[in-house]
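What follows is each chain in one-letter form.
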Amino acid sequence: MNQDLQTVRATVEQTLQNNQKARNNDTYLTLLVLEKLGYAKYNYTHDYYQITIGQKELQEMPALESIRRTRQKLQQQGKYPATPKTKQHRKQEEQKIRQKMQEK
């Protein structure tokens, strides 16, 4: 978690700017950001991502939640919007969570 937050923000923003799929899919966004930061590699021969996390990487890599939150903040500012379908799905999920929290 020592990864500089400005570096994470810049990497997330660059990724969202250049990749529509990453705007709609947080898992894909996370993989792309980790790849750009040097924590994941894409194996083109076998078509999969490989993440090797040792003790050093665990201490240095950004919190995965910070990648999602950065995407969320940028999109709330009107930058790099998700597709309408994805926006609707996220809104429905948010409403479900709010309802469950009110029931408790």
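Keep in mind it's a predicted model, so treat the numbers as computed, not measured.

A. Representation of the overall build of the chain. Within the chain, the secondary structure is distributed over 6 helices and 2 strands. Moving toward the C terminus, one meets the helices and strands of the chain in the order α-α-α-β-β-α-α-α. Summarising its shape, the C-alpha atoms of the chain cover approximately 40 × 30 × 30 Å along the three principal directions. Residues counted as buried form 29% of the 104 residues belonging to the chain. Taking the contacts inside the chain whose residues are at least 6 apart along the sequence as the reference set, 56% of them involve residues at least 24 apart. About 7700 Å² of surface is accessible on the chain, with carbon and sulfur atoms providing 48% of the total. Computed over 19 positive and 11 negative side-chain charges, the inter-centroid distance for the chain is 6 Å.

B. Spatial organisation of unusual backbone geometry. One non-glycine residue, Asp-47, lies in the positive phi region at around 60 degrees. Tracing the chain through its elements places Asp-47 in the loop between β1 (40-43) and β2 (48-51). Judged by relative accessible area, which is 55%, Asp-47 ranks as exposed. Notably, Tyr-80 is not glycine yet its phi reads approximately 50 degrees, a positive angle. Following the sequence through the fold, Tyr-80 ends up in the loop between α5 (64-76) and α6 (84-103).

C. Representation of helix α3 (residues 26-36) in the model. Within the sequence span of α3, burial applies to Leu-29, Thr-30, Leu-32, Val-33 and Leu-34. Where α3 is buried, its residues meet α1 (5-18), α2 (20-24), β1, β2 and α5. Capping the start of α3, Asn-25 holds a side-chain oxygen 3.0 Å from the backbone nitrogen of Thr-27, two or three residues further along.

D. Inspection of the side chain of Thr-70 at higher detail. Note on placement: Thr-70 falls in helix α5. At a separation of 2.7 Å, a polar atom in the side chain of Thr-70 contacts the main-chain carbonyl oxygen of Ser-66. Here Thr-70 is in contact with Arg-9 and Val-12, once residues within four sequence places are set aside.

Here is what the cut-offs are and how they apply
Residues numbered from 1 in each chain as written. Predicted model: local features only at pLDDT ≥ 70, side-chain atom pairs only at ≥ 80, totals over all residues. Heavy atoms only, no water. Helix = DSSP H or I, 4+ residues; strand = E, 2+ residues; numbered from the N terminus. Buried < 20%, exposed > 50% of the residue type's maximum accessible area, 1.4 Å probe, protein only. Contact = heavy atoms within 4.5 Å. Areas by Shrake-Rupley, 256 points an atom, 1.4 Å probe, with all protein chains shown as cover. Lys, Arg positive; Asp, Glu negative; His and termini not counted. Charge placed at Lys NZ, Arg CZ, Asp CG, Glu CD. Polar contact = N/O pair within 3.5 Å; in protein donor to acceptor, adjacent residues only side chain to side chain.

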